[in-house]
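Structural overview for review
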Amino acid sequence: MKFNPVRIMTVVVAIFLMLTACGQGKKAVSQNPTAAKEGKTVTIVTSFYPMYIFTKNIAKDIPGVQVVNMTEPQTGCLHDYQLKPADMKVLEQAKILVSNGADMESFMDKVIQQLPNLKIVEASKGMELLKEEAHDQEDGHKEEGKEHDAEGAFNPHVWVSISGAIQEVKNIGEQLAVHDPANAVKYRSNTEEYVKRLEVQKGKMHSALKDIKTRDIVTFHEAFPYFAKEFNLNIVSVVEREPGSEPSAGELADLIKTVKDTKVKALFAEPQYSAKAAETIARETGAKVYILDPVATGPKDGDPEAYIKAMDKNLEVLLEALK
Ligand SMILES: [Zn+2]
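The model shown is predicted, which means the values in this text are computed figures rather than measured ones. (Residues numbered from 1 in each chain as written. Predicted model: local features only at pLDDT ≥ 70, side-chain atom pairs only at ≥ 80, totals over all residues. Heavy atoms only, no water.)

Considering the overall build of the protein
What the protein contains, in helices and strands, is 11 helices and 9 strands. Out of the 323 residues belonging to the protein, those deemed buried represent 50%. The contacts of the protein with a sequence gap of at least 6 include a subset with a gap of at least 24, amounting to 69%. Summing over all exposed atoms, the protein offers an accessible surface of approximately 15,900 Å²; the carbon and sulfur share of this is 54%. (Helix = DSSP H or I, 4+ residues; strand = E, 2+ residues; numbered from the N terminus. Buried < 20%, exposed > 50% of the residue type's maximum accessible area, 1.4 Å probe, protein only. Contact = heavy atoms within 4.5 Å. Areas by Shrake-Rupley, 256 points an atom, 1.4 Å probe, with all protein chains shown as cover.)

Concerning the nonpolar core
Counting 73 residues, the largest nonpolar core has Phe-227, Phe-268 and Tyr-307 as the members making the most contacts within it. A total of 10 residues in this core trace back to one element, the largest contributor, which is helix α11 (residues 306-322). Looking at which domains feed residues into this core, each of domain 1 (5-199) and domain 2 (205-322) supplies at least three. Beyond its immediate chain neighbours, meaning those up to four positions away, Tyr-307 contacts Ile-53, Phe-54, Trp-159, Val-160, Ser-161, Ile-162, Ala-165, Tyr-194, Leu-198 and Val-295. Ranked by size, the runner-up nonpolar core spans 17 residues in total, among them Phe-220, Val-239, Ile-256 and Val-259. (Core = buried A, V, L, I, M, F, W, Y, C linked by side-chain atoms within 4.5 Å. Domains from an automatic or database assignment.)

Details of helix α6 (residues 162-179)
Along an α-helix, residues three or four apart share an orientation, since each turn contains 3.6 residues. The end-to-end C-alpha separation of α6 is 25 Å, in line with the 26 Å expected for 18 residues at 1.5 Å each. Those residues of α6 that sit buried are Ile-162, Gly-164, Ala-165, Ile-166, Glu-168, Val-169, Asn-171, Ile-172, Gly-173, Gln-175, Leu-176 and Ala-177. (Expected span 1.5 Å × (residues − 1).)

Section: the pairing of strand β3 (residues 65-69)
In regular strands, side chains alternate between the two faces of the sheet. Most of β3 is tucked away: 5 of the 5 residues are buried. Where burial is concerned, the two faces of β3 agree: the one with Val-65, Val-67 and Asn-69 and the one with Gln-66 and Val-68 are both buried. Bridge analysis of strand β2 (residues 42-46) against β3 gives 5 bridges, and the strand direction is parallel. The partner of Val-45 across the bridge, within β3, is Val-68. Of the crossover connections in this fold, the one passing from β2 over helix α3 (residues 49-58) to the parallel β3 is right-handed. (Pairing = 2+ DSSP bridges. Right-handed = clockwise from strand over helix to strand, strands pointing away.)

What to know about the packing of α3 against helix α7 (residues 184-209)
The angle between the axes and the distance between the axes are what describe a pair of packed helices. Two elements in contact, α3 and α7, have axes whose closest approach is 7 Å; the angle formed by their N-to-C orientations is 120°. With respect to their mutual orientation, α3 and α7 come out oblique. Here Ile-53, Phe-54, Asn-57 and Ile-58 of α3 lie close against α7, whose contacting residues are Lys-186, Tyr-187, Asn-190, Thr-191, Tyr-194 and Arg-197. Its residues assigned to classes, the contact of α3 with α7 shows 5 nonpolar, 3 polar and 2 charged. (Axes fitted to C-alpha atoms, helices over the stretch in contact; angles between N-to-C directions. Parallel < 35°, antiparallel > 145°, perpendicular 65-115°, else oblique. Nonpolar A, V, L, I, M, F, W, Y, C, P; charged D, E, K, R; others polar.)

Structure below.
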């Protein structure tokens, strides 16, 4: 594409006007006070909550580096997210964008093209991705009008397994070191320290879940395949494919049948989605609803410990549900 300076200026002015008019939403910012004094700040923007938590750990206590989360901590996965003017403003101030990749942020492709100086970190880079589950998992039914067009699409929820999180943290740390070489040593040592703690959590979960009796579970949206793979759990069925799409009466009936047939005792809803469908299935089958957290959302304060804390809670829930 050829660049037309007049057109670019028009776009820039239009965006500027839009931003001035709309103002800026509240953004979670973790800023080092010394950086502000020196007046030279490297702003790292993260696309959504898990990237924010990981990056906060990696950029911890580095003078002159601030981490800003583009979306609110309660936004969740970005499958249906639309960029807001306030997000644009945050991106324009950033040197680096930390994305999950694996198509989670594909809605940003066009915007990123408009910001040629923005360095992109891709957390899932080089990782072995699982294929998105085909829609025929529920007894081979395919009649709900939604043709499965995601042939070859990958499941982006890699951070939900601890091994995936560790790999993403390493990836983010290494790419930040490349894009901001002045702080490379600190990014790397912070990464190492955080990975060590994630490894401890992983070991703790593996040994606790080693001897659980039941391994069949039903989950919500496609967030858990990596988690299930890591802990050798068997996802019998998924209640909702994506947030906001409640199962149809027919799908619900199929799910109830699946739960009855497989004698699944535990349904895992997620904190950020309505548990209505799960409760209906529970009522009909006698299975119980538990909350399993894919850490796609979290507390507003952006506690750097949030991922490890959520996994601790998940472990507790799993032990209770699958004992
Ligand atoms: Zn998701």
